[in-house]
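Here is how the chains run, residue by residue.
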Amino acid sequence: FQNMQIPSAKPLLLAMLVSILAAETVMADDLSEMASKDYDQHLGALFDYFHRNPELSSLETKTAARLAEELRVAGFEVTEGVGGTGIVAMLRNGPGPLVMMRADMDGLPVKEKSGLPNASVVTQVDWDGNEVPVMHACGHDVHITSLVGTARIMAATRDRWSGTLMLIGQPAEERVGGAKRMMADGIWQRFGQPDYALAFHVSSGVPTGKLVAVVGSPMSGADTVDIIVHGIGAHGASPHRGVDPVVLGSQIVLALQTVVSRELAPREAGVITVGSFHAGTKHNIISVQAHLQLTVRNDNLESRQVLLDGIRRIAVNMGRVAGLPDDLLPEVIVSDEGVPPAVNDTQLTLRLRSVWSEALGEDVFYESKRKGMGAEDFPFFTTEPYIPSTYFAVGGTPQADFDAEEAGGPPVPSHHSPLFKIEPEASVVLGVEATVLALKDLLQVVR
């Protein structure tokens with residue numbers, strides 16, 4: 001697709017493709033074959049378009065318009081502009097549950113250096129008025145392409161399921177604001193509250209052809225915390241005349257490390273990272289303030305409370321230890337940018353694992369110990385009110401690349417890296433296949 005540009009969908013052509021797919025569906029029992037054929041006929045070119053044309057969070061106007069057009073041609077009733085650039089596509093198909101599948105749309109302000117023939121070269125004016133390079137450095141192009149593939153197969157096989165399917169194109173996942181804004185825009189009140197909610201993420205750390213679906217927390221909760229450390233200014237040669245916020249801030253940084261090691265249970269995950277420490281203006285001046293910026297990660301709401309309570313207690317009381325009066329004690333500010341942890345519903349996840357295992361084989365699952373505490377905003381859809389949900393992962397890197405790395409070759413690039421790349425066909429096809437299998441099981445599939 002090196003020279004392919006698709007500025008807009010051609011409704012008549014897409015309608016013909018959907019008809020072709022429907023005709024093939026009657027004869028094809030192999031869902032993987034169906035998804036592969038659709039990738040060859042349509043989804044491959046669509047992925048190429050999305051990859052070449054990424055857009056920043058909350059600025060995904062062209063991406064949203066193209067996704068809306070694709071879903072509308074597939075037979076869905078589409079509403080645009082939900083919570084900003086969000087999309088809600090509905091297909092009502094008789095009695096049964098309402099099931100939601102979400103895909104995020106936004107790219108990142110990263111200059112692509114993958115070396116791929118369809119590497120992004122676009123720039124965009126960001127939220128602060130700066131023109132920056134933009135790249136799909138986290139695989140959201142896979143997600144929205146798979147959403148379209150899912151829509152086309154579900155519409156073409158509507159005689160084999162019953163209920164209502166809700167597909168969501170969500171903006172601004174990278175800035176953890178899109179899901180929250182769609183909820184604030186009354187998405188459940190306007191379109192109905194789902195009985196089940198699904199989402200997936202392509203993973204460069206998982207081999208193609210593999211799924212990850214854990215019972216528990218696949219993605220952590222994250223809070224952004226600021227600590228304002230007040231001091232009493234003085235000359236650097238006369239520290240006894242003031243209270244040094246740099247020293248006090250340093251003591252707070254060290255003391256915070258005990259919250260995870262001594263207040264969380266040993267097998268409970270938690271992270272407190274001080275990512276920024278700013279203070280002072282000159283070598284010989286004891287400043288009046290220091291500013292600490294923290295990211296705080298957890299895997300359940302109980303652990304979150306322990307971490308935040310510990311941060312407040314340590315910061316304030318270290319101020320007292322330093323002799324600060326009550327009106328100058330450190331301030332702990334928890335931003336509303338935080339996200340709750342994604343916690344997969346146990347019963348639903350075990351049910352879907354059984355479906356995937358039966359259809360794709362026991363060895364489809366990639367079982368590895370989770371090492372990081374990445375977060376995302378899908379839980380805003382599922383936490384309040386609680387909706388049974390499963391957030392799963394689809395492998396995006398060929399096993400050969402991992403083997404080459406193990407043998408001393410180039411490392412597999414991580415998400416958000418300018419070198420990030422995945423194998424699009426294998427990722428999209430398995431994303432469609434796994435999603436359709438899950439949806440048809442939940443939507444009273446006629447066997």
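Residues numbered from 1 in each chain as written. Predicted model: local features only at pLDDT ≥ 70, side-chain atom pairs only at ≥ 80, totals over all residues. Heavy atoms only, no water.

Among the surface-exposed residues, Asp401, Asp403, Glu405 and Glu406 lie close enough to one another that they form a single negatively charged patch. Mapped onto the fold, Asp401 is located in helix α11 (residues 399–406). (Patch = residues over 30% accessible without salt bridge, like charges linked within 9 Å, V, L, I, M, F, W, Y side chains within 5 Å. Areas by Shrake-Rupley, 256 points an atom, 1.4 Å probe, with all protein chains shown as cover. Salt bridge = Lys/Arg side-chain N within 4 Å of Asp/Glu carboxyl O. Lys, Arg positive; Asp, Glu negative; His and termini not counted. Charge placed at Lys NZ, Arg CZ, Asp CG, Glu CD. Helix = DSSP H or I, 4+ residues; strand = E, 2+ residues; numbered from the N terminus.)

As a further point, take the sheet that holds strand β10 (residues 221–230). Spatial strand order, β12-β14-β10-β15: four strands in an open sheet with antiparallel pairing. On the outer flanks of this sheet lie β12 (270–279) and β15 (331–334), each paired with one strand and no other. Neighbour to neighbour, the strand axes of the sheet diverge by 20° on average, direction disregarded. Alignment of β10 against β15, held across four bridges, turns out to be antiparallel. Following the sheet pairing, Ile228 is matched in β15 by Glu331. Relative to the sheet, helix α7 (residues 245–263) contacts β10, β12 and β14 (289–298), its axis offset from that of β12 by approximately 175°. Each of β10, β12, β14 and β15 touches helix α8 (residues 301–321); the most contacted strand, β14, lies at about 165° to it. (Pairing = 2+ DSSP bridges. Axes fitted to C-alpha atoms, helices over the stretch in contact; angles between N-to-C directions. Contact = heavy atoms within 4.5 Å.)

Per-residue confidence for the protein chain averages 92 on the pLDDT scale, and 93% of its residues sit at or above 70. Across residues 1–15, confidence stays below pLDDT 50; counting only partners more than four residues off in sequence or on other chains, it has 30 contacts. Taken as a whole, residues 22–28 scores under 50 in pLDDT and shows seven contacts with residues more than four places along the chain or in a different chain. (pLDDT = per-residue confidence, 0-100.)

Below, the discussion takes up the environment of Gly242. Take Gly242: it is sitting in the loop between β11 (234–235) and α7. The exposure class of Gly242 is buried, given its relative accessible area of 17%. With near-sequence residues (within four places) excluded, Gly242 lies in contact with Ile232, Gly233 and Ala234. (Buried < 20%, exposed > 50% of the residue type's maximum accessible area, 1.4 Å probe, protein only.)

With that settled, the discussion passes to the side chain of Asp299. You can see Asp299 is positioned in the loop between β14 and α8. Looking at Asp299, the relative accessible area reads 17%, which means it is buried. When residues no more than four places from it in sequence are discounted, the contact partners of Asp299 are Ser217, Ser220, Ala269, Pro341, Val343, Arg370 and Met373.

One pass over the structure, following the stated rule, counts six aromatic pairs. When the centroid spacing of 4.8 Å and the interplanar angle of 55° are considered together, the rings of Trp356 and Phe392 count as tilted. Taken together, the positions of Trp356 in helix α9 (residues 346–360) and Phe392 in strand β17 (residues 389–397) put the pair 36 residues apart, joining distant regions of the chain. No difference in accessibility class separates Trp356 from Phe392, as the two residues are buried. Put simply, the rings of Trp188, Phe378, Phe381 and Tyr391 touch in pairs and so form one group of aromatic residues. Cation over ring: Arg66 sits above Tyr49, and NZ or CZ is 4.9 Å from the ring centre. Here the guanidinium or amino end of Arg175 rests over the ring plane of Trp127, the centre of that ring lying 3.8 Å away. (Phe/Tyr/Trp six-rings, centres within 6.5 Å; stacked < 30°, edge-to-face > 60°. Lys NZ or Arg CZ within 6 Å of the ring centre and 35° of its normal.)

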